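Breakdown of the fold
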Amino acid sequence: MPTALITGITGQDGSYLTELLLSKGYEVHGLVRRTSSTVRRRLESLFQDKTIYERKLFLHYAELDDTTTIRRIATACEPDEVYHLAGQSHVGLSFEIPETTCQFTAMGTLKLLEILRDLPKQSKLLHISSSEIFGRPETSPQNENTPFRPVTPYGIAKNFATQMVTLYRESFGLFACNAICYNHESPRRGESFVTRKITLGAAAISLGQQNELILGSLDTRRDWGYAPEYVEAMWRMLQHDRADDYVLATGQTNSIEDLLDAAFHVVDLDWREYVKQDDRYRRPAEVSQLAGDASKAESELGWKAKSLLPQIAEQMVHSDLERLKAN
């Protein structure tokens, strides 16, 4: 039975990855932050399954900057694979808390690399990077050879972490990979992210539980994919015969207006009657021309994104409708 250690296990990607690994016969260990709440909704079904929780799935309390505890956990569980998904991942929020973003997203990755470098048993590492490292690229679409030009605190922190992973692979021989992920969504996306804010808003407005939806810029474009497909690619990267970096993307971009069209179409409403713009939600600096070329992942890993924005938005709205009706 292979063993995996996941940081950020309670997040969107972490929960889908946990389900994937368990289905493949892994023993899964996850790092979680100690908080006053023990509710971890994305993993709730696994907690309730007595054949899985504390038998195949184990949670350990640790903060990303707590190297002693993480080292102790990694030494005890001896993971074959480590999936590093944790960190402050909200781009807009990174302008408000840049120090925290860099502390956990950048330095947290370096500390983990140092821990893995010293372990008696070498683990394979997957670090989830971001299209934000490209910032405002001169060419589009971007691939693994596109120069990094981050323009946000989050992008800069991810830039540091991504280059550190490459450095440790080339200098110390670690089997360490960067999954350069473009935006990927699902019904498990956090409510502070614009995709979920829109699908939840459409659902709530259709049920009479909300009157309007306030957003920032509507012409921003993104390459949006489906989260469960992206974690499949992450797993494939660590099954490959050599460590490398891969762009994970659909290759297609859509605007916020496209997303609004798709989401409000599900509930048969015209979003223009409900959406208002507020400059408070505009970022001080914005990325542009971000579209990914995932041809390397397709040729070497046999992976290609299948789900596109209209399908994803429809699934998210239906999920939010069910949740709101249930509550």
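For the structure itself, consult the block above.
Residues numbered from 1 in each chain as written. Predicted model: local features only at pLDDT ≥ 70, side-chain atom pairs only at ≥ 80, totals over all residues. Heavy atoms only, no water.

1. Looking at the overall build of the protein
Inclusion rule: We count a stretch as a helix when DSSP gives it H or I for four or more residues in a row; a strand needs E for two or more, and each element gets its number in order from the N terminus. A simple rule labels every residue: compare its accessible area, found with a 1.4 Å probe on the protein chains alone, to the largest value its type can have, and call it buried under 20%, exposed over 50%, or partly exposed in between. When checking whether two residues touch, look at their non-hydrogen atoms; a contact exists if any pair is within 4.5 Å. In short, Shrake-Rupley with a 1.4 Å probe defines the accessible areas, and a residue's cover is counted only from the protein chains shown.
When you go through the protein residue by residue, the secondary structure sums to 11 helices and 13 strands. Oriented by its inertia axes, the alpha-carbon framework of the protein measures out at about 60 × 50 × 40 Å. Among the 327 residues that make up the protein, the fraction classed as buried is 54%. Of all intrachain contacts in the protein linking residues separated by at least 6 positions in sequence, the fraction that spans at least 24 positions is 80%. Of the accessible surface of the protein, which amounts to about 14800 Å², a share of 46% is contributed by carbon and sulfur atoms.

2. Focus: the environment of C177
Relative to the assigned elements, C177 resides in strand β6 (residues 176-181). The spatial distance from the C-alpha of C177 to the C-alpha of A243 is 5.5 Å, given a sequence separation of 66 residues. Among residues more than four places away in sequence, those in contact with C177 are L125, L126, H127, V165, R169, M237, L238, A243, D244 and D245.

3. Regarding the layout of surface pockets
The following threshold applies: Grid points spaced at 1 Å and placed over the protein atoms alone form the basis of the search, with a cavity being a set where a 1.4 Å probe fits but cannot get out and a pocket an open set showing protein on both sides within 12 Å along at least five of seven lines. Lining residues have an atom within 4 Å of a point. Grid points are joined across faces, edges and corners, and a volume is the space filled by probe spheres set on the points. Nonpolar residues are Ala, Val, Leu, Ile, Met, Phe, Trp, Tyr, Cys and Pro. Charged residues are Asp, Glu, Lys and Arg, and all others, Gly as well, are polar.
Empty space within the second largest pocket amounts to approximately 150 Å³. In terms of lining, the second largest pocket is formed by A249, T250, G251, G292, D293, A294, S295, E298, W303, K304, A305 and L308. In terms of residue class, the lining of the second largest pocket is built from five nonpolar, four polar and three charged.

4. Re the nonpolar core
Here is the rule we go by: What is meant by a nonpolar core is a set of buried Ala, Val, Leu, Ile, Met, Phe, Trp, Tyr and Cys residues, joined one to another through side-chain atoms within 4.5 Å.
L21, Y83, L126, M234, L248 and W303 are the most contacted members of the largest nonpolar core, which totals 41 residues. Counting residues per element, this core draws most heavily on helix α8 (residues 227-239), at eight residues. In this structure, L248 is in contact with A179, I180, C181, Y182, Y230, A233, M234, A294, A297 and W303, ignoring residues within four places of it in sequence. One finds A203, I205, V267 and V317 within the second-largest nonpolar core, a separate group that totals 24 residues.

5. Focus on the pairing of strand β5 (residues 124-130)
How we decide: We treat two strands as partners when DSSP finds at least two bridges between them.
With respect to burial, β5 is a largely interior element, six of its seven residues being buried. The sheet contact formed by strand β4 (residues 81-84) and β5 spans four bridges and is parallel. Bridge assignment links E81 to a residue of β5, and that residue is K124. Direction of pairing for β5 relative to β6: parallel, over a ladder of six bridges. Paired with L126 across the bridge in β6 is C177.

6. Here's the deal with helix α3 (residues 67-77)
For clarity, the cut-off: Along the arc lie the directions from the helix axis toward the C-beta atoms.
Residues of α3 that are buried include every one of T69, I70, I73, A74 and C77, and no others. The buried residues of α3 occupy an angular sector of 130 degrees when projected down its axis, which confines them to one face. Among the exposed residues of α3, those oriented more than 90 degrees off its buried face are R72 and A76. Packing partners of the buried residues in α3 comprise β1 (3-7), β2 (27-32), β3 (57-61) and α5 (98-118). Phi turns positive one or two residues past the end of α3, at E78, with a value near 45 degrees.

7. Some points on the pairing of β1
Taken residue by residue, a regular strand's side chains alternate between the two faces of the sheet. The criterion, for reference: Whether a crossover is right-handed comes down to one check: with the strands pointing away from the viewer, does the path from the first strand over the helix to the second run clockwise; if it does, it is right-handed.
For β1, the tally of buried residues reaches five of five residues, placing the bulk of the element in the interior. Side chains T3, L5 and T7 of β1 all project onto a buried face; the interleaved residues A4 and I6 project onto the opposite face, where all are buried too. As paired strands, β1 and β2 are joined by five bridges and run parallel to one another. Looking across to β2, one finds that A4 is bridged to V28. What joins β1 to β2 is helix α1 (residues 12-23), and the crossover it makes is right-handed.

8. Description of unusual backbone geometry
Glycine aside, negative phi is the norm for most residues, and most peptide bonds take the trans geometry. Geometrically, the link from S140 to P141 is a cis peptide bond, its omega value of 5 degrees lying close to zero. Summarising the element assignment, P141 is placed in the loop between β5 and α6 (153-172). Phi angles above zero are rare outside glycine, and E78 is one such case at about 45 degrees. With respect to the secondary-structure elements, E78 resides in the loop between α3 and β4. Looking at E78, the relative accessible area reads 47%, which means it is partly exposed. Positive phi values are uncommon outside glycine, yet D268 reaches one of about 60 degrees. Its relative accessible area of 68% is what places D268 among the exposed residues.

9. Quick look at the environment of L5
Tracing the backbone shows L5 in strand β1. Judged by its relative accessible area of 2%, L5 is buried. Sequence separation between L5 and D80 is 75 residues, and the spatial gap between their C-alpha atoms is 8.1 Å. The contact partners of L5, leaving out residues within four places of it in the chain, are H29, G30, L31, I73, A74, P79, E81, V82 and Y83.

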